[in-house]
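Observations on the model geometry
Below, each chain spelled out in residue letters.
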Protein chains: 2
Amino acid sequence: MDSKIEKTLKSDRIYEGKIINLRVDTVELPDKKYSKREIVEHQKAVGIIAFDGKDRIWMVRQYRKALDKMTLEIPAGLIEPNELPADAAKRELQEEVGYTCENINYLFDTYSSPGFTNEKMSLFLAEDLKESKLENDEDEFVYRESFEVDELYNMILNCELSDAKTIIAVLVAKKYMEESKL
Amino acid sequence: MDSKIEKTLKSDRIYEGKIINLRVDTVELPDKKYSKREIVEHQKAVGIIAFDGKDRIWMVRQYRKALDKMTLEIPAGLIEPNELPADAAKRELQEEVGYTCENINYLFDTYSSPGFTNEKMSLFLAEDLKESKLENDEDEFVYRESFEVDELYNMILNCELSDAKTIIAVLVAKKYMEESKL
């Protein structure tokens, strides 16, 4: 295994930001040649599959500057310093969708794009929601809306819903519903 | 819809790299306040669900500097200038797994993390593969291995397989297999 690992010869820190940092590592490859690796360091995040009844889940619509368009995504957000992932998931659910949930179940982790970033999202499943109040972050303008899981699934196939974490969430929700019916 | 869009007041180009660029946009929010958006511009990519027989798909094992560990991912790669996505998918399949495929089917697109990057991956499904020769890129050290889809699915639940595009691919492959059996 060791022969496959890239040895860091130099690490240049290019940018230290609010949500991301950028560094460029010069590495020695297994064949002793050199290469550059551009790496975006990103805070850890959570995403929530929030069931609104039996076959609907909550989504948020928001403008994303990186894509210059409105997207439809599951509620999600960054984990704050010293915050447990499950607490971050409960907080984001309340902030973005306006519901609380006593028991939130951890499902699994996903890395959004290991080729250039360490961004990791822990995915949670929330049921039996209780209506609370919306508490959007100051610089967030998100609009909640619940959808049938099957409708969201068709939106993936039509490229109307393209956010990776949301695609994962919809596929997992569909499987969960099908298994619950067996 | 217009009131939800963030108006760009200033765009600072921080880094122009090999695979990514970084810019920081100063935007005006719908409430007229200002905010910063850190945006990583990334080349478009392709990923391939490559069936090896009926219930197995090809995976590649590789070291990822961003995570400092070996990962298991579907074959994937960047689209070259003027290359069609389907041609990029066929090329990556040959380079990383050593198989050719006459007909490769486009499934849908995914954005890996719309909160900070425009990275988009087009997902393809390949069947009826023909063995060819491995042609790894110069600075890539990837090791092919085929797995049963059900085994990969369990690896997701155990957090042994965490790459987002690969999780999507495995969930889609599982669904595709189940529907083919109906």
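One can find the structure itself at the top, above this paragraph.
Definitions and cut-offs
- Residues numbered from 1 in each chain as written.
- Chains lettered and ligands numbered in written order.
- Predicted model: local features only at pLDDT ≥ 70, side-chain atom pairs only at ≥ 80, totals over all residues.
- Heavy atoms only, no water.
- Buried < 20%, exposed > 50% of the residue type's maximum accessible area, 1.4 Å probe, protein only.
- Helix = DSSP H or I, 4+ residues; strand = E, 2+ residues; numbered from the N terminus.
- Pairing = 2+ DSSP bridges.
- Polar contact = N/O pair within 3.5 Å; in protein donor to acceptor, adjacent residues only side chain to side chain.
- Contact = heavy atoms within 4.5 Å.
- Phe/Tyr/Trp six-rings, centres within 6.5 Å; stacked < 30°, edge-to-face > 60°.

Focus on the pairing of strand β3 (residues 34-42) of chain B
Residue and element names in this part refer to chain B. Burial runs high along β3: seven of the nine residues are buried. Where strand β2 (residues 20-28) and β3 come together, nine bridges link them in antiparallel fashion. The residue bridging Asn-21 from the neighbouring strand is Glu-41, located in β3. Where β2 folds back onto β3 in an antiparallel hairpin, the turn is made up of five residues, including Lys-32, whose phi is positive at roughly 75 degrees.

Some remarks on the environment of Val142(A)
Residues and elements named next belong to chain A. Tracing the chain through its elements places Val-142 in strand β12 (residues 142-148). Residue class for Val-142 comes out buried when judged on its relative accessible area of 7%. Remark: the alpha-carbon pair of Val-142 and Arg-61, spanning 81 residues in sequence, is separated by 5.6 Å.

Structural notes on the pairing of strand β10 (residues 120-126) of chain B
Residues and elements named next belong to chain B. Burial within β10 is extensive, with six of its seven residues counted as buried. Bridge analysis of strand β4 (residues 45-50) against β10 gives six bridges, and the strand direction is parallel. What sits directly across from Ile-48, in β10, is Phe-124. Across seven bridges, strand β9 (residues 104-111) lies against β10 in antiparallel orientation. Within β10, the position partnered with Tyr-106 by the bridge is Phe-124.

Side note on the side chain of Asp163(A)
Structurally, the position occupied by Asp163(A) is in the loop between α2 (149-157) and α3 (164-181). Side chain to side chain, Asp163(A) and Lys165(A) meet in a polar contact 2.9 Å long. For Asp163(A), the side chain forms a polar contact with the side chain of Thr166(A), separated by 2.5 Å. Once you skip the residues sitting within four places of it in the chain, Asp163(A) turns out to touch Leu72(A), Glu73(A), Tyr111(B) and Pro114(B).

Overview of the packing of aromatic side chains
Aromatic rings considered in pairs are described by the distance between their centres and by the relative angle of their planes. Throughout the structure, instances matching the rule amount to seven aromatic pairs over all chains. A ring pair is formed by Phe116(A) and Phe116(B), whose centres lie 6.2 Å apart and whose planes are at 45 degrees; its orientation type is tilted. Remark: Phe116(B) occurs in the loop between β9 and β10 and Phe116(A) occurs in the loop between β9 (104-111) and β10 (120-126); the pair is interchain, linking two chains. In terms of burial, Phe116(A) and Phe116(B) fall into one category: buried. Seen in terms of ring centroids, Tyr106(B) and Phe124(B) are 5.7 Å apart; in terms of plane orientation they differ by 65 degrees. Their pairing is edge-to-face. Separated by 18 residues along the polypeptide, Tyr106(B) in strand β9 and Phe124(B) in strand β10 bring together distant segments of the chain.

Function cannot be inferred from these measures alone, as they are strictly geometric.
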